[in-house]
Amino acid sequence: MATSGTRGTPGRNVEHDTRRAKMTGLAVAAVGIVIFNVAPFFNWVNPEEDADPRTGYETDSLVPFIAYLGLGLLIALVYAARRARRGQHRGLTLVTMAVGIAATLQCLAFGINPMGGLERGDNLGVDIGVWIGLIGALLWAVGAFLLAKEIEGDDERRDAYGYDRSDRGTAGL
């Protein structure tokens, strides 16, 4: 879907792209980021000797940091969706996906071997917050992937006349 308008040389009518990325991926990522931000309030580890489980905030300061980083990325994605000509900024979308993958790996690491008690000699068990965080992080990463696979974020190499220049090499760039 393209509309015509003047661009480049005055007096020339050149087609320019008005496609916009689908916001499904952004919505899925947003749900995942919100779920991941709720997860630090739940218990992440449970010392087997004590009856005093620890929340994500008490376990590791990286848990809330990654959650807040996700909120910042979400705000930036929403801003880019409104401002970018095609509805997304490719680099921002890929960074959001990378941080979502990192959050997923962090939750998996907690699920396999809970962190935060080794220096104190605690024998820690995994609690519900890790699994809530894992679900949120997976949705975050998958949503960012769905947004990243939209071609509207790609830069197309077109000259002022609308011709595709991608097959001419990079000599003039």
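Above this text sits the structure in question.
This write-up is about the structure you can find in this document. This one's a predicted model, so the numbers in the text were calculated from it and none came from an experiment.

1. Comments concerning a nonpolar patch on the surface
Residues Val 34, Val 38, Phe 41, Phe 42, Tyr 57, Tyr 68, Leu 71, Val 126, Ile 128 and Trp 131 make up a contiguous nonpolar surface patch of about 900 Å² in total accessible area. Elements with a contribution of two residues or more to the nonpolar patch: helix H1 (24-38), helix H3 (62-83) and helix H5 (128-148). Position of Ile 128 relative to the elements: it lies in helix H5. Since its relative accessible area comes to 44%, Ile 128 is described here as partly exposed.

2. Section: the nonpolar core
In terms of nonpolar packing, the biggest core is built from 25 residues, with Leu 26, Phe 36, Trp 44, Ala 103, Phe 110 and Trp 140 touching the most fellow members. For this core, the secondary structure elements donating two or more residues are H1, strand E3 (43-47), H3, helix H4 (90-112) and H5. With eight residues, H3 is the single largest residue contributor to this core. Ignoring anything within four residues of it in the chain, the contact list for Leu 26 reads Leu 74, Leu 77, Val 78, Ala 81, Gly 143 and Leu 147.

3. Remarks on the sheet that holds strand E5 (residues 124-126)
Ordered in space as E4-E3-E5, the three strands form an open sheet in which the pairing is antiparallel. Edge positions in the open sheet fall to strand E4 (54-55) and E5, since each of these has one partner strand only. Bridge count for E3 against E5 is three bridges, and the pairing is antiparallel. From the neighbouring strand, Asn 46 faces E5, where its bridge partner is Gly 125.

4. Focus: H3
Residues lying three or four places apart along an α-helix face the same way, a consequence of the helix completing one turn every 3.6 residues. For H3, built from 22 residues, the straight-helix expectation of 32 Å at 1.5 Å per residue is met to within 8% by its first-to-last C-alpha distance of 31 Å. Of the positions making up H3, those classed as buried are Val 63, Pro 64, Ile 66, Ala 67, Gly 70, Leu 73, Leu 74, Leu 77, Ala 80 and Ala 81. Buried residues in H3 make contact with H1, E3, helix H2 (56-59), H4 and H5.

5. Structural notes on the side chain of Asn 37
Residue position: Asn 37 is located in helix H1. One polar contact links the side chain of Asn 37 to the main-chain carbonyl oxygen of Ala 67, over a distance of 2.9 Å. Residues within four places of Asn 37 in sequence aside, it is in contact with Ala 67, Tyr 68 and Leu 71.

6. Details of the packing of aromatic side chains
According to the stated counting rule, one finds three aromatic pairs in the structure shown. Seen from their ring centres, Phe 36 and Trp 140 are 5.7 Å apart, and the 70° between their planes marks the pair as edge-to-face. Taken together, the residues Phe 36 in helix H1 and Trp 140 in helix H5 connect sequence positions 104 residues apart. You'll find Phe 36 and Trp 140 in the same group, each marked buried. Pairing Trp 44 with Phe 110 gives two aromatic rings, centres 5.1 Å apart and planes at 85°, and the pair type is edge-to-face. Taken together, the residues Trp 44 in strand E3 and Phe 110 in helix H4 connect sequence positions 66 residues apart.

7. With respect to the side chain of Thr 104
Structurally, the position occupied by Thr 104 is in helix H4. Within polar-contact distance, the side chain of Thr 104 engages the backbone oxygen of Gly 100 at 2.9 Å. Filtering out sequence-adjacent residues up to four positions away, Thr 104 remains in contact with Leu 134, Ala 137, Leu 138 and Ala 141.

8. Things to note about the packing of H1 against H3
At a minimum axis separation of 9 Å, H1 and H3 run at an interaxial angle of 155°. Here H1 lies roughly antiparallel to H3, going by the angle between them. The handedness of the crossing between H1 and H3 comes out as left-handed. Touching Leu 26, Ala 30, Ile 33, Phe 36 and Asn 37 of H1 are Val 63, Ile 66, Ala 67, Tyr 68, Gly 70, Leu 71, Leu 74, Leu 77, Val 78 and Ala 81, all from H3. Residue classes in the contact of H1 with H3 are distributed as 13 nonpolar, two polar and no charged.

Conventions we followed
Residues numbered from 1 in each chain as written. Predicted model: local features only at pLDDT ≥ 70, side-chain atom pairs only at ≥ 80, totals over all residues. Heavy atoms only, no water. Patch = residues over 30% accessible without salt bridge, like charges linked within 9 Å, V, L, I, M, F, W, Y side chains within 5 Å. Areas by Shrake-Rupley, 256 points an atom, 1.4 Å probe, with all protein chains shown as cover. Salt bridge = Lys/Arg side-chain N within 4 Å of Asp/Glu carboxyl O. Helix = DSSP H or I, 4+ residues; strand = E, 2+ residues; numbered from the N terminus. Buried < 20%, exposed > 50% of the residue type's maximum accessible area, 1.4 Å probe, protein only. Core = buried A, V, L, I, M, F, W, Y, C linked by side-chain atoms within 4.5 Å. Contact = heavy atoms within 4.5 Å. Pairing = 2+ DSSP bridges. Expected span 1.5 Å × (residues − 1). Polar contact = N/O pair within 3.5 Å; in protein donor to acceptor, adjacent residues only side chain to side chain. Phe/Tyr/Trp six-rings, centres within 6.5 Å; stacked < 30°, edge-to-face > 60°. Axes fitted to C-alpha atoms, helices over the stretch in contact; angles between N-to-C directions. Parallel < 35°, antiparallel > 145°, perpendicular 65-115°, else oblique. Left-handed = near helix turned anticlockwise from the far one by under 90°. Nonpolar A, V, L, I, M, F, W, Y, C, P; charged D, E, K, R; others polar.

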